[in-house]
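Each chain is listed here by its residues.
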Amino acid sequence: PLKDVTGRRTKMKEKAMDSYLIWDEQSQSYVMDSEQRVRDDVEKHHWQTVARNLIRDWRLYLMLVPMLLVFLFWRYMPMYELLGCFKLSDTSLSVNEQNFVGFSNFLRLLSGGESVLFWRAFRNTFLLSFYGLCFGFPMPIILALFFNEVKSNVTRSVFQVFTYLPKFMSTVVITSLTLLLLQGASTATGTEPGVISKLLVSLGVISQETANIGMMNNPLYFRAVYQITGIWEGAGYDSIVFFAAIIAISPTSYEAAQIDGAGKMAQMRYVVLPSILSTVVIMLIMRIGSLLSIGYEKVFLLYNNNTYETADVVSTFAMRLGNVGTATGGSTSAPGLASAAEMMNNVTGMLLVIGANLISKKASNVSLY
C-alpha cells in the first residue's frame, strides 16, 4: 500500500508539473504559478485584445486593404492559370475545360521542336542576369561608399538626385533614348548615326560600318548596351539601402580605426564593409532570386529580329509563343507552352534562392529566412 501511495503522489506531482502547478507550503496544496496565471489570462482574452487593437488602429489596417487587393487580383488569382502548363493549348476553351496532357508541354520545350529556341532564350536570360549580377550589383555599393565620403551635404544631395533620376524615368523613355543615341544611318530619311555611335567610332571602339548599320541591330552589342543602361538606370536608386546601412555605423568605430592609424581605404575595408556585410548578403540573396526573372518590357523595346540570337529571353519568347506562336514560326498561339516556359523559369529562380540562402547560412550565419 505504501508503494501505491508513493506512486499516486508521483503521478500527482507529474500532473501538477504538466499543469504548471507548484506546491504551497502554507496551504499544503498545489497552486498555479503567478506567471502562468498571467499567461492563461492573456490566452483567455487574446481575441478580445485583437479586437480592441483593430478598433483602435482601424485607420492603419484600412491602409492595408489596397495592398491586399493588389496581391489578391495580381498575384494569387492568376495562379489558377498555371494549370494551363499541364493542359492542351486551346484558346477557344477555358483552362478548366481543356484536356489534361501532363508534362507534355514541358517535354516539348526541353527536347521537342521548340527546344532549340527555348534553350537559346534560357541561355540569354541567364547570361543577361549573370552579367548584371557581376557588374550591376557592386555599383550601388561603390556609389554608397562614394556618398559616404562626400562631407558636404549639399554636394552629396546633388549627386544623389542626379543618380536617382533615371530610376523615375519610364522604361519607354530609357529605351527610346538608347535607340536614339545608338541609331544607324539612313539614306532614305537622311539621318546620321547616333551621338554615342559617332563617339565610339572616333575612339576606334566600333567601325563606321557598324555605326551606319546601328549598334542595336548587331547582336554582338546588345548585352553590353543592356547592362550599361541598366547600371545607369538603377545603380543610384539601389544605393539607398547600402547608404542607409553605412550611415548607421557608430562614429566610435571610425575613431578607433583612426587611432590605430587606418586611412580612408583601410576604414572602408575594416570598418565599413564588415558593418554592412549582412545587408550586402541579404540583397545578394534577393538578387539571385531574380536571376532568371528579367522583365520583358526593356528587352521587348530594345530587341528586333536581327538580335534574337543574344537578346531573346524566356519572357519575350513566352510572350510571342502565347500570343501568335511566332516564337516557333507557327500561326496559332500556344498558351500552354508559354505558361510552361515561364513556370520552368520561375521554379529555377526559386531553387536558386533556396540554394543561395542555404550557402549563406552555412558560410556566414546570415540568411534571408
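These numbers were taken from a predicted model, which means no experiment stands behind them.

Enquirer: Mind showing me how you'd approach the overall build of the protein here?
Expert: The number of helices and strands found in the protein is 19 helices and 2 strands. Within the protein, buried positions represent 33% of all 369 residues. Expressed as a percentage of contacts within the protein between residues at least 6 apart in sequence, the contacts between residues at least 24 apart total 59%.

Enquirer: When you look at the packing of aromatic side chains in this model, what are you seeing that I'm missing?
Expert: What describes a pair of aromatic rings is the distance from one ring centre to the other and the angle between the planes of the rings. A complete count under the given rule lists 16 aromatic pairs for this structure. Here Phe-126 and Phe-130 contribute two aromatic rings whose centre-to-centre distance is 5.9 Å and whose plane-to-plane angle is 10°, an arrangement assigned as stacked. A residue pair is termed a helical-turn pair when its members lie 3 or 4 positions apart in one helix, as Phe-126 and Phe-130 do in helix H6 (residues 115-136) at 4 residues. For Phe-126, a relative accessible area of 35% translates into the label partly exposed. For Phe-130, a relative accessible area of 36% puts it in the partly exposed group. A ring pair is formed by Phe-137 and Phe-242, whose centres lie 6.2 Å apart and whose planes are at 85°; its orientation type is edge-to-face. Highlighted residues: Phe-137 in the loop between H6 and helix H7 (138-149) and Phe-242 in helix H12 (residues 219-247), separated in sequence by 105 residues. This pair shows no difference in class: Phe-137 is buried, exactly as Phe-242 is. Within the aromatic cluster, the residues linked to one another by ring pairs are Phe-118, Trp-119, Phe-122 and Phe-317.

Enquirer: Whenever I open this one, the layout of surface pockets confuses me. Can you help?
Expert: Picture a little ball the size of a water molecule; that probe, rolled over the atoms, points out where space is still empty. Of the volumes computed, that of the largest pocket is approximately 1100 Å³. If you trace the largest pocket, you find 28 residues lining it, with Lys-167, Tyr-226, Asp-238, Arg-287 and Ser-290 closest to the centre. Looking at the lining of the largest pocket, the elements with two or more residues in it are H6, H12, helix H15 (277-289) and helix H16 (296-302). For the lining of the largest pocket, the element with the most residues is H12, which contributes 9 residues. Among the residues making up the lining of the largest pocket, the classes are represented as 12 nonpolar, 10 polar and 6 charged.

Enquirer: Can you walk me through the pattern of salt bridges in this structure?
Expert: Where charged atoms from two side chains of opposite charge come close, those side chains can pair. All chains considered together, the criterion is met by 7 salt bridges. Close ionic contact of Glu-149 with Lys-264 constitutes a salt bridge, the shortest N to O distance being 3.6 Å. Of the two residues, Glu-149 sits in helix H7 while Lys-264 sits in helix H14 (residues 264-275), which places them 115 residues apart along the sequence. With a relative accessible area of 26%, Glu-149 lands in the partly exposed category. Residue Lys-264 is classed as partly exposed on the basis of its relative accessible area of 43%. One salt-bridge network, held together by shared partners, links Arg-120, Asp-312 and Arg-320.

Enquirer: Just to check I follow, could you spell out helix H19 (residues 335-364) for this structure?
Expert: Because an α-helix packs 3.6 residues into every turn, residues spaced three or four apart end up facing the same way. Between its first and last C-alpha, H19 extends 43 Å over 30 residues, near the 44 Å set by a 1.5 Å rise per residue. A positive phi of about 60° marks Asn-365, the residue just after H19.

Enquirer: Would you mind going over the side chain of Asp-312 with me for this structure?
Expert: Positionally, Asp-312 belongs in the loop between helix H17 (308-311) and helix H18 (314-323). Among all residues touching Asp-312, those that are not within four sequence positions of it are Arg-120, Ala-121, Asn-124, Tyr-303, Thr-307, Phe-317 and Arg-320.

Enquirer: So what exactly am I meant to see when it comes to the nonpolar core here?
Expert: Inside soluble globular proteins, nonpolar side chains tend to come together where they are buried. In terms of nonpolar packing, the biggest core is built from 23 residues, with Ile-141, Ile-246 and Ile-276 touching the most fellow members. Those elements that place two or more of their residues in this core are H7, H12, helix H13 (251-259), H14 and H15. Residues contacting Ile-276, with those up to four places away along its chain left out, are Ile-141, Ala-245, Ile-246 and Ile-249. With 18 residues, the next largest nonpolar core counts Leu-109, Phe-317, Ala-338 and Met-343 among its residues.

Enquirer: How should I be thinking about the environment of Ser-170 in this particular structure?
Expert: If you trace the backbone, Ser-170 turns up in the loop between helix H8 (153-164) and helix H9 (171-181). Among the polar contacts made by the side chain of Ser-170, one reaches the main-chain amide nitrogen of Val-172 at a distance of 3.2 Å.

Enquirer: I keep staring at the packing of helix H5 (residues 104-111) against H6 and nothing clicks. Help me out?
Expert: In a packed pair of helices, the relevant descriptors are the angle between the two axes and the axis-to-axis distance. In contact at an axis separation of 5 Å, H5 and H6 are set at 80° when each is read in the N-to-C sense. For the element pair H5 / H6, the angle class is roughly perpendicular. Side by side, H5 and H6 meet where Arg-108, Leu-109, Leu-110 and Ser-111 of the first sit next to Ser-115, Phe-118 and Trp-119 of the second. Looking at the contact of H5 with H6 residue by residue, the class counts come to 4 nonpolar, 2 polar and 1 charged.

Enquirer: Whenever I open this one, the environment of Phe-118 confuses me. Can you help?
Expert: Its place among the elements puts Phe-118 in helix H6. Setting aside residues up to four positions removed in sequence, Phe-118 forms contacts with Leu-109, Leu-110, Phe-317, Ala-341 and Met-344.

Rules behind the numbers
- Residues numbered from 1 in each chain as written.
- Predicted model: local features only at pLDDT ≥ 70, side-chain atom pairs only at ≥ 80, totals over all residues.
- Heavy atoms only, no water.
- Helix = DSSP H or I, 4+ residues; strand = E, 2+ residues; numbered from the N terminus.
- Buried < 20%, exposed > 50% of the residue type's maximum accessible area, 1.4 Å probe, protein only.
- Contact = heavy atoms within 4.5 Å.
- Phe/Tyr/Trp six-rings, centres within 6.5 Å; stacked < 30°, edge-to-face > 60°.
- 1 Å grid on protein atoms, 1.4 Å probe; cavity = no way out; pocket = protein on both sides within 12 Å on 5 of 7 lines; lining within 4 Å.
- Points joined across faces, edges and corners; volume = space filled by probe spheres on them.
- Nonpolar A, V, L, I, M, F, W, Y, C, P; charged D, E, K, R; others polar.
- Salt bridge = Lys/Arg side-chain N within 4 Å of Asp/Glu carboxyl O.
- Expected span 1.5 Å × (residues − 1).
- Core = buried A, V, L, I, M, F, W, Y, C linked by side-chain atoms within 4.5 Å.
- Polar contact = N/O pair within 3.5 Å; in protein donor to acceptor, adjacent residues only side chain to side chain.
- Axes fitted to C-alpha atoms, helices over the stretch in contact; angles between N-to-C directions.
- Parallel < 35°, antiparallel > 145°, perpendicular 65-115°, else oblique.

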